[in-house]
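Survey of secondary and tertiary structure
Residues per chain are reported as follows:
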Amino acid sequence: MDKFKSVIMNNIDNISNELIELSKKIHENPELCFKEFKAASWLQEIVKEHGFTVKAPCGNMETAFKASYKGKKGGPRIAFLAEYDALRGKGHACGHNVIAACAAGAAIGLSKVMDDIAGEIILLGTPAEEGGGGKIILLREGEFADIDYALMIHPAGRNLIGRGGLAATLLNVEFTGKAAHSSAPEDGINALQALLEVFKGIDSTRSVLQNGTKINGIITAGGEASNIITDYAAGEFTIRARSRDYLEEVVNKVIKLTKSAEIITGATPRTTKSMIYAERYPNMIMAERFKANMEYLEEMMNYPDPNMNLGSSDIGNVSMEVPTIHSYLKIVEPDISGHTKEFAAASVSPRAEEVVIKGAKGLAMTGYDILVDQALREKINQEFKDKVKGGKNEF
Ligand SMILES: [Zn+2]
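A few points on the structure.

Criteria and thresholds
Residues numbered from 1 in each chain as written. Predicted model: local features only at pLDDT ≥ 70, side-chain atom pairs only at ≥ 80, totals over all residues. Heavy atoms only, no water. Helix = DSSP H or I, 4+ residues; strand = E, 2+ residues; numbered from the N terminus. Rg over C-alpha atoms; globule rule 2.2 N^0.38 Å. Buried < 20%, exposed > 50% of the residue type's maximum accessible area, 1.4 Å probe, protein only. Salt bridge = Lys/Arg side-chain N within 4 Å of Asp/Glu carboxyl O. Expected span 1.5 Å × (residues − 1). Contact = heavy atoms within 4.5 Å. Core = buried A, V, L, I, M, F, W, Y, C linked by side-chain atoms within 4.5 Å. Pairing = 2+ DSSP bridges. Axes fitted to C-alpha atoms, helices over the stretch in contact; angles between N-to-C directions. Lys, Arg positive; Asp, Glu negative; His and termini not counted. Polar contact = N/O pair within 3.5 Å; in protein donor to acceptor, adjacent residues only side chain to side chain. Parallel < 35°, antiparallel > 145°, perpendicular 65-115°, else oblique. Left-handed = near helix turned anticlockwise from the far one by under 90°. Phe/Tyr/Trp six-rings, centres within 6.5 Å; stacked < 30°, edge-to-face > 60°. Lys NZ or Arg CZ within 6 Å of the ring centre and 35° of its normal.

Examining the overall build of the chain
Tallying secondary structure elements over the chain gives 12 helices and 12 strands in all. Taken against the 2.2 N^0.38 rule, which gives 21 Å for 395 residues, the C-alpha radius of gyration of the chain at 23 Å falls within 12% of a compact globule. Oriented by its inertia axes, the alpha-carbon framework of the chain measures out at about 85 × 45 × 40 Å. Burial analysis of the chain (395 residues in total) assigns 54% to the buried set.

Dropping the structure here:
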């Protein structure tokens, strides 16, 4: 093994207790999106102790931060991304405590060889993955402009590289009608009926939507009493598609449906769009390198089943701007999904602790490979250009 890689691994072993403690502490103190004050400050503390310079807050978010450790002049800038938000009422049921500790461990481990290598190591604290789109805000605020490669892991039911993700967004739909007593309904305009027309319209449209498109809606306001014609109704729709571009088309179709519901019922629609989580382009050259490094640590990595269902994350937007990996490491059995209490319990299990350390080592070694191997960087960059800029997503 490369002598620098041994230094990296030894340094991660030296801080393994601290990393596991950090993961546990974040797990025991779940904080919701944009409110992750404790987790963000603990992460900053640990990297400061190891000589990183910290910019906080960052990207116009109080709980985002950017910690940097510079090596010799020039060279690529490698960012390890830490997520640390929890879920309402469910604690760390997505295991973001493991992600945070892994990223911190990778950044610290790799920093220990930077006196001899050109480049920069960044630990980027990215809040609010669960619905807040923290990484999208960081992108918008220019915080990825000084980053060349982005690496992270996510705990899961399987060890996987190269899993894609769907573009996703929320659309809120409201209708305003006119209340009337149900004994004299002709005086009313039924807002709920208008909203139901949108649901029906979506079902009619479904058969001609691109493969992979998913629309699920709920009614958030549907009237107060059944003897009154509803004057205000509201619904929320989660829409997913294989690409951001197509997602926008689908959103516009749903908005058109609100206009046809207006024609049918007379109720006035109002729609509110949310930020778009883009589809994900895992960089396979980087992912293969991560796989090789994990396999050196006796952790076998797999490829996704082509029929696998895909989720959505703000890492997708990052993957469109810089070469990115978001690989999965197993902490539960494959039949246990994220956002469950079983997954929350598994996020502090002995296996999760092992994943914190192995994941940190795998990420750090992959970062190291990118730093020192120009031919590898060229391949990564070429794939990024072909796939992302050429719009060829292979899932
Ligand atoms: Zn997650």
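So that's the structure; there's more coming.
Comments concerning the pattern of salt bridges
Applying the stated rule across the entire model yields 20 salt bridges. A salt bridge links Asp148 to Arg77; its shortest N-O distance comes to 3.1 Å. Here Arg77 lies in strand β3 (residues 72-82) and Asp148 lies in the loop between α5 (134-140) and β5 (149-156), a separation of 71 residues in the sequence. On the accessibility criterion, Asp148 (23% relative accessible area) is partly exposed. For Arg77, a relative accessible area of 27% translates into the label partly exposed. Salt bridges sharing partners connect three or more residues here, namely Lys55, Lys66, Glu143 and Asp146.

Here we look at helix α4 (residues 96-111)
With 16 residues, α4 extends 23 Å from end C-alpha to end C-alpha; this agrees with the ideal 22 Å at 1.5 Å per step. Counting buried residues along α4, 16 of its 16 residues qualify, which places the element largely inside the surrounding structure.

Describing the environment of Ser274
By secondary structure assignment, the location of Ser274 is in the loop between β11 (268-273) and α8 (284-296). Judged by its relative accessible area of 31%, Ser274 is partly exposed. Counting along the chain gives 105 residues from Ser274 to Thr169, while the straight-line C-alpha distance between them is 6.2 Å. Once residues within four sequence positions are removed from consideration, Ser274 is found in contact with Thr169 and Leu170.

Focus on unusual backbone geometry
Residue Pro57 is reached from Ala56 by a cis peptide bond, and omega for that bond is -5°. If you trace the backbone, Pro57 turns up in the loop between β1 (53-55) and β2 (65-70). Its identity is not glycine, yet Asn60 carries a phi of approximately 65°, on the positive side. Inspection of the secondary structure puts Asn60 in the loop between β1 and β2.

Here we look at the nonpolar core
By size, the foremost hydrophobic cluster in this structure holds 67 residues, and its most contacted members are Phe80, Leu110, Ile121, Leu123, Leu151 and Phe290. With 11 residues, helix α11 (residues 350-372) is the single largest residue contributor to this core. Apart from the residues lying within four places of it in its own chain, the contact partners of Phe290 are Ile153, Ile161, Met301, Ile325, Ser327, Leu329, Gly359, Gly362, Leu363 and Thr366. Core analysis: the second largest hydrophobic core is formed by 25 residues, Ala194, Tyr246, Val250 and Val254 among them.

Some remarks on the sheet that holds strand β6 (residues 167-176)
Here 4 strands make up an open sheet; going across it, the order is β8-β10-β6-β11 and the pairing antiparallel. With partners counted over all chains shown, the strands left at the sheet margins are β8 (214-221) and β11, one partner each. Going across the sheet, the axis of each strand differs from the next one's by a mean of 20°, ignoring polarity. Summarising the sheet, β6 and β11 pair through 6 bridges and their orientation is antiparallel. In the strand pairing of β11, Thr176 is matched with Thr268. Across the sheet, helix α6 (residues 191-205) lies against β6, β8 and β10 (232-241), angled at about 15° from β10, the strand it touches most.

Comments concerning the side chain of Asp85
Here Asp85 is to be found in the loop between β3 and α4. Although Asp85 lies buried, it forms no salt bridge, and the closest oppositely charged side chain, Lys135, sits 7.0 Å away as judged by the N-O distance. A polar atom in the side chain of Asp85 sits 2.9 Å from the backbone nitrogen of Glu129. Every residue in contact with Asp85, bar those within four places of it in the chain, is listed here: Glu31, Leu32, Cys33, Glu36, His92, His96, Ala128, Glu129 and Glu130.

What to know about the environment of Ile15
Structurally, the position occupied by Ile15 is in the loop between α1 (3-14) and α2 (16-28). Ile15 gets classed as buried once you look at its relative accessible area, which sits at 6%. On a C-alpha basis, the gap between Ile15 and Leu171 in space is 45 Å, while along the polypeptide they are 156 residues apart. Excluding residues that lie within four positions of it along the chain, Ile15 makes contacts with His50, Gly105 and Ile108.

Overview of the packing of α2 against helix α3 (residues 37-49)
For the pair α2 and α3, the least separation of the axes is 10 Å and the interaxial angle reads 165°. Judged on the interaxial angle alone, α3 and α2 are roughly antiparallel. α2 and α3 meet at a crossing whose hand is right-handed. Residues Glu18, Leu19, Leu22, Lys25 and Ile26 of α2 form the contact with α3, whose participating residues are Ala39, Trp42, Leu43, Ile46 and Glu49.

A short note on the packing of aromatic side chains
Tallied over the entire structure, the rule returns 4 aromatic pairs. Each ring, one from Phe4 and one from Tyr368, has its centre 6.0 Å from the other, and the planes form 50°; the classification is tilted. Of this pair, Phe4 sits in helix α1 while Tyr368 sits in helix α11; the two residues are 364 residues apart in sequence, bridging distant segments of the chain. Just as Phe4 is buried, Tyr368 falls in that class too. On the numbers, 4.9 Å between centres and 50° between planes, the contact of Phe199 with Phe237 is tilted. Of this pair, Phe199 sits in helix α6 while Phe237 sits in strand β10, placing them 38 residues apart in sequence. Classification of Phe199 by relative accessible area gives partly exposed; the value is 21%. Taking NZ or CZ as reference, Lys3 lies 4.5 Å from the ring centre of Phe4, over its face.

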